[in-house]
Amino acid sequence: MSAAPRVIMRARGLELAFGTTRALRGIDLDVVAGDVLAVTGPSGSGKSTLLHCMAGLDEPTDGQVTMLGTVTSGMRPAERARFRARHVGFVFQEYNLIASLSAADNVSMPSRLAGRPLSDAQTRAALDAVGLAHRAGLKPHQLSGGERQRVAIARVMASRPRIVFADEPTGALDLSSAALVLDWLRRLTEQGATVVMVTHDVEAAAKADAVAVMSQGH
């Protein structure tokens, strides 16, 4: 008899209200370790809001988020930020690269901030893994959209987080670049990460291990 899948992250009764608008309405969700979970639904359904609450970027109005066995909802903002620096990585639609830094420096920055600086060899290895070692010295404006997103993924790979949140990671990319990014997100799970991905992209959702469909905050 096989063991039950291990839940690495859990939401219970998650609510978020902005004034009289309830963006999340009693969400219960389990995320299994090693999975790619796609969160889909129409615009305004609460997808990104759910991701932000589970990642600790927003504080829920009610309910509880547990990540890696730790209740993260209700933590003080600075404490939550330290927890994210140790355990969490992000890939956003707009890449969130620092314009004044090279690709290599963008990759190494989160690890430096977390107090675990990378060697030059580790930084180059992360860029090499996504096929961009030869672009290490270029700044974001010198890279294509697909290359910028691959730098963002190399940044996550280098810092080796346990959980990766990806908000519309293929939203600004052409089909071939999007396919590459999805392949690299899958590669993160082979490193031991769990990926929670918000997406409108049917192809992206089809490659996930599990899909949560949002509608009007449910």
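Residues numbered from 1 in each chain as written. Predicted model: local features only at pLDDT ≥ 70, side-chain atom pairs only at ≥ 80, totals over all residues. Heavy atoms only, no water.

## Quick word on unusual backbone geometry
At step 1: Despite not being glycine, Glu 168 has its phi angle at roughly 50°, a positive value.
At step 2: Mapping Glu 168 onto the fold places it in the loop between strand E7 (163–167) and helix H6 (175–190).
At step 3: With relative accessibility at 10%, the residue Glu 168 sits in the buried group.
At step 4: Backbone geometry places Gln 216, a non-glycine residue, at a positive phi of 50°.
At step 5: Secondary-structure assignment places Gln 216 in the segment after strand E9 (210–213). (Helix = DSSP H or I, 4+ residues; strand = E, 2+ residues; numbered from the N terminus. Buried < 20%, exposed > 50% of the residue type's maximum accessible area, 1.4 Å probe, protein only.)

## Considerations on the sheet that holds strand E8 (residues 194–198)
At step 1: Reading across from one edge, E6-E7-E8-E3-E9 is the order of the five strands in this open sheet, with parallel pairing throughout. Every interior strand has two partners, whereas the edge strands, strand E6 (88–92) and E9, have only one. Shown here is a sheet whose adjacent strand axes are inclined to one another by a mean of 15°, direction ignored.
At step 2: Two strands pair when backbone bridges link them, and E6 and E7 are joined in this way by five bridges, in the parallel orientation. Note on E7: the bridge partner recorded for Gly 89 is Val 164.
At step 3: Sitting on the sheet, helix H2 (residues 77–87) is in contact with E6 and E7, with an inclination near 85° to E6.
At step 4: The sheet strands contacting helix H5 (residues 145–159) are E6 and E7, and the helix crosses E6 at an angle near 175°. (Pairing = 2+ DSSP bridges. Axes fitted to C-alpha atoms, helices over the stretch in contact; angles between N-to-C directions. Contact = heavy atoms within 4.5 Å.)

## As for the packing of aromatic side chains
Aromatic ring pairs are defined here through the distance separating the ring centres and the angle between the ring planes.
At step 1: Within the structure shown, the criterion is met by two aromatic pairs.
At step 2: Ring geometry for Phe 90 versus Phe 92: centroids 5.5 Å apart, planes at 5°, classification stacked.
At step 3: On the basis of relative accessible area, Phe 90 is assigned to the buried category, the value being 16%.
At step 4: Seen from their ring centres, Phe 90 and Phe 165 are 5.9 Å apart, and the 25° between their planes marks the pair as stacked. Of the two residues, Phe 90 sits in strand E6 while Phe 165 sits in strand E7, which places them 75 residues apart along the sequence.
At step 5: Phe 165 gets classed as buried once you look at its relative accessible area, which sits at 0%. (Phe/Tyr/Trp six-rings, centres within 6.5 Å; stacked < 30°, edge-to-face > 60°.)

## A short note on a positive patch on the surface
At step 1: A surface patch of like charges, here positive, comprises Arg 76, Arg 82, Arg 86 and Arg 116.
At step 2: The residue Arg 116 is located in the loop between helix H3 (103–113) and helix H4 (120–129) in this model. (Patch = residues over 30% accessible without salt bridge, like charges linked within 9 Å, V, L, I, M, F, W, Y side chains within 5 Å. Areas by Shrake-Rupley, 256 points an atom, 1.4 Å probe, with all protein chains shown as cover. Salt bridge = Lys/Arg side-chain N within 4 Å of Asp/Glu carboxyl O. Lys, Arg positive; Asp, Glu negative; His and termini not counted. Charge placed at Lys NZ, Arg CZ, Asp CG, Glu CD.)

## A closer look at the nonpolar core
At step 1: Formed by 37 residues in total, the largest nonpolar core has its most connected members in Leu 127, Val 151, Ile 153, Leu 185, Leu 188 and Met 197.
At step 2: Sorting elements by how many residues they give to this core places H5 first, with seven residues.
At step 3: When near neighbours in sequence (up to four residues on either side) are disregarded, Met 197 contacts Val 36, Leu 37, Ala 38, Val 39, Ala 166, Pro 169, Leu 182, Leu 185 and Ala 204.
At step 4: By size, the runner-up hydrophobic cluster in this structure holds 29 residues, among which are Leu 37, Val 65, Met 67 and Phe 83. (Core = buried A, V, L, I, M, F, W, Y, C linked by side-chain atoms within 4.5 Å.)

## Re the pairing of strand E3 (residues 36–40)
At step 1: The element E3 is largely enclosed, with a buried count of five among its five residues.
At step 2: Where burial is concerned, the two faces of E3 agree: the one with Val 36, Ala 38 and Thr 40 and the one with Leu 37 and Val 39 are both buried.
At step 3: Looking at chain direction, E3 and E8 are connected through four bridges and run parallel. Looking at E8, one finds that Val 39 is bridged to Val 198.
At step 4: Here four bridges tie E3 to E9, and the two strands are oriented parallel to one another. Looking across to E9, one finds that Leu 37 is bridged to Ala 210.

Functional significance is not addressed by these values, which are geometric in nature.
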